[in-house]
Number of protein chains: 2
Amino acid sequence: MTVTTPRGFRAAGVPAGLKSAGPDVAVVVNDGPDATAAGVFTGNRVKAAPVLWTQQVVRGGVLRAVVLNSGGANACTGPAGFHDTHTTAEYAAGALSSRNPRLLIGAGEVAVCSTGLIGERLPMPRLLPGVRAAVRGLSRDGGAAAAEAIMTTDTRPKTTVATGTGWTVGGMAKGAGMLAPALATMLCVLTTDAVAGTEALDEALRAGCRLSFDRLDSDGCMSTNDTVLLLASGASGIEPTPDELTAAVTAACHDLAMQLLADAEGATKEIAIDVAGAASEDDAVEVGRAVARNNLVKAAFFGNDPNWGRILAAVGTTAAAFEPDAVDVGINGVWVCRSGAAAEDRSKVDLAGRQVTVRIDLHAGPAEATIWTTDLSHAYVHENSAYST
Amino acid sequence: MTVTTPRGFRAAGVPAGLKSAGPDVAVVVNDGPDATAAGVFTGNRVKAAPVLWTQQVVRGGVLRAVVLNSGGANACTGPAGFHDTHTTAEYAAGALSSRNPRLLIGAGEVAVCSTGLIGERLPMPRLLPGVRAAVRGLSRDGGAAAAEAIMTTDTRPKTTVATGTGWTVGGMAKGAGMLAPALATMLCVLTTDAVAGTEALDEALRAGCRLSFDRLDSDGCMSTNDTVLLLASGASGIEPTPDELTAAVTAACHDLAMQLLADAEGATKEIAIDVAGAASEDDAVEVGRAVARNNLVKAAFFGNDPNWGRILAAVGTTAAAFEPDAVDVGINGVWVCRSGAAAEDRSKVDLAGRQVTVRIDLHAGPAEATIWTTDLSHAYVHENSAYST
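Taking an unreviewed UniProt entry as the reference, chain A is identified by name as Arginine biosynthesis bifunctional protein ArgJ belonging to Plantactinospora siamensis. According to the UniProt record, the Subunit (unreviewed entry) comment for chain A is "Heterotetramer of two alpha and two beta chains." Of chain A, the UniProt comment under Sequence similarities (unreviewed entry) reads exactly: "Belongs to the ArgJ family."

Structure below.
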């Protein structure tokens, strides 16, 4: 049920002492026959060294292995940090090649992903032995251990599988803070034994991310390290149509995204913001994001307060097409606001559960979109004020 | 030391039962001889009824009185809410005219400002008697009571005075949540006995707000009700130069803005973000705002954690001109980040006090700007999750 479910992949997760306890280094290897891949990366202009490296690897067109570590983001570490990433890839390539003399893997075919505190160098004397141990431990059953090794503040590993006709997509992800407008230290590796060229993978991955990870917005904070990779081994011998591939990748991304949402730092509510009646999908997304990022709205939901006025005020900060006196707002099925003013009694709204659905109808067109977010809780403040100390 | 310090103004603040206790209705009257004014209003497209009304009054060019109430924002209340505002202005105009037969005041010369919960109608049977009581109680000493009547979650009234040569500017404000990019339910009334035309007042007020209220950003939430008014009586007989007027108005705005910052909901830190080395002032403001609104940065400061990596990640979300490997970050005088990587030891940063100064040098040009914000604390979450319940 993870990255090793599709044929052609092995993985491992081992403890290397980067975190205080537990596995913290993972390796995922594509044994082929193909080694095509695609990647989606953070939109932050301050990119961690492993992101800069892995973007180059993906552009190179051949991706045979991914090394991932928790316990340190290797972001804002300057040229020395980039050298550390390069060294990690070279070391992994060497270790993999020495165990399989038929296949010489180059550093430029090894992606690197890191997650953890920003601004500190990785402890290479611990990381490299960890990489060696992971390469030694690679197995067809190693997906679960790999998913565990990439956890930071996650309370549980996240894995998924989506099935095609004779081929599958598997995946793992980490991320407890979240994504916006691309991601917030989330890492995700998807694998498939389908036969697929780089272009088909790239299209499927972008489509899959667009309606899943890119529509999660826990706090509007954008990470330096976010990376989503899709590796294809071709081991099934079956080439799905682009639509089939996109559907399976999208299903895998959606499943992992909902797992990220459910495990978001300190959240007590999982909030779906359904925006309808928008003049365009971009408008719907802009409105959804504005509501998702509004601290007053988020704090109100933490307090079980159906404060639709704050929602309307958040909508009012956008440039989307709408008339203030035409907007309807529903919370968990109760239309507390019609035509921009109070409607059904707010006391009818039941916010006792963890799931919240906000519906906003702009009455400005046919487009719609859903953004997922969480509430702003004491636990969020606690986790994020105590993280590095 | 408030709106009644300049000659030509009377004020009052009375309890009308809109809040559970204390004064909640204020009236400020300009007795002239002039009645010029200027106003700055929320940029939110969802504007409260009193904002829509008062914008018209200011455009009319003659402003003789301001009625303010706490205990209800009269926002998202539809046509009925606008009618309530109109009724309030008419009622105040009638009450004022009946007490001074020489001066007939029209409703279109009366501004209305409201603050409190969004989405509920004002209790007019209590508000109108409050307006009558306030008009009866108007006095040259009433400024302090008026400042008290407009408080909501404020823990103390905010008043100020700035002195010209033979004329003064007085002011009062409320606001504990804050302003961004214009305001978050802040109300401010400034008065002056200087002789000044509408255009001079407008220029002075816009300049004064631009570097004060508009650069406070506690949580990025923009209110439906924010209003800053400047009324001139001309009672001193002295017409300052535009520069003199702007300097005094700016000083008054800055003083009130710093009082808002100090009283921000649940804050344990007052944080000045000084951005230097920017290619333009707009770039500097964009960078400062991105840092000020980043929940991870704000939570870190609540935890006394000099987490400069989060600051750099926030800078990376902007479109400002800068190179990631050229940015320096200093916190309370310690340059923890130079050229985009770790520099001085973060343990040297003393965050024990309430005042924090973050300096960000983009090394991309000569422009600079300061944005003021607060931390993200448990008390912020508490106050904003319990507000309307």
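> Explain the interface of chain B and chain A here, please?
Listed per partner, the contact involves 50 residues of chain B and 51 residues of chain A. The contact between chain B and chain A buries some 4000 Å² in all, and 58% of this surface belongs to carbon and sulfur atoms. Contact with chain A buries area across many residues of chain B, yet B:Arg45, B:Asn295 and B:Val381 alone supply 16% of it, more than any other trio. If you look at where chain B meets chain A, you find zero salt bridges. Where chain B touches chain A, the interface holds twelve residue pairs in polar contact (both at pLDDT 80 or more). Counting only elements with at least two residues in the side of chain B that touches chain A, the list comes to α8 (295–302), α9 (308–315), β13 (341–342) and α10 (378–385) of chain B. With six residues, the single largest contributor to the side of chain B that touches chain A is α10(B). Classifying every residue of the side of chain B that touches chain A gives 23 nonpolar, 21 polar and six charged.

> Mind showing me how you'd approach the sheet that holds strand β2 (residues 25–30) of chain B here?
Sheet strands pair via backbone hydrogen bonds, and the direction of the pair is either parallel or antiparallel. Residue and element names in this part refer to chain B. A sheet is described by the order of its strands in space; here four strands give the open sequence β1-β2-β4-β5, paired in mixed fashion. A strand with exactly one partner marks an edge of an open sheet, and here the two such strands are β1 (9–14) and β5 (110–114). The average angle at which neighbouring strand axes cross in this sheet is 10°, direction not considered. Of the pairings in the sheet, the one linking β2 to strand β4 (residues 65–69) comprises five bridges and is antiparallel in character. Bridging across to β4, Val-29 finds its partner in Ala-65.

> What is the right way to read the UniProt feature "binding site: substrate" (unreviewed entry) in chain A from this model?
Residues and elements named next belong to chain A. Taking the UniProt record as the reference, the feature "binding site: substrate" (unreviewed entry) is found at Thr-152, Lys-174, Thr-185, Glu-265, Asn-384 and Thr-389. Within the secondary structure layout, Lys-174 lies in strand β7 (residues 168–174). Judged by its relative accessible area of 2%, Lys-174 is buried. Here the side chain of Lys-174 touches Thr-115 through a polar contact of 2.9 Å, side chain to side chain.

Reading guide: rules and limits
Every chain is numbered independently, its residues counted from 1 as its sequence is written. Each chain is given a letter, starting from A, and each ligand a number, starting from 1, according to the order in which they appear as written. Selection of residues for local features in this predicted model requires a pLDDT of at least 70, selection of side-chain atom pairs for listing and counting requires 80 or more, and totals for whole chains, interfaces and linings are taken over all residues. As a convention, hydrogens and water are excluded, and side-chain values are obtained from all of the structure's heavy atoms. UniProt positions are given in the numbering used here, feature names are shortened, and annotations may be inferred rather than shown by experiment. Should any heavy atoms of two residues lie within 4.5 Å, those residues are counted as being in contact. In this description, buried area is defined as the sum, over both parts, of the accessible area (probe of 1.4 Å) that is lost when the two are combined. We count a salt bridge whenever a side-chain nitrogen from Lys or Arg sits within 4 Å of a carboxyl oxygen from Asp or Glu. Within 3.5 Å is the distance limit for a polar contact, defined as a pair of N or O atoms, with the added protein rule that one can donate a hydrogen and the other accept it, and that residues adjacent in sequence qualify only through two side-chain atoms. The numbering of helices and of strands both runs from the N terminus, where a helix is a DSSP run of H or I of at least 4 residues and a strand a run of E of at least 2. The residue classification treats Ala, Val, Leu, Ile, Met, Phe, Trp, Tyr, Cys and Pro as nonpolar and Asp, Glu, Lys and Arg as charged. All others, Gly included, are polar. Paired strands are those between which DSSP finds at least two bridges. Every axis corresponds to a line fitted to the C-alpha atoms, with the helix fit spanning only the stretch in contact, and the corresponding angles, defined between N-to-C directions, vary from 0 to 180 degrees. Burial classes: relative accessible area under 20% of the type maximum marks a residue as buried, over 50% as exposed, and values in between as partly exposed (1.4 Å probe, protein chains only).

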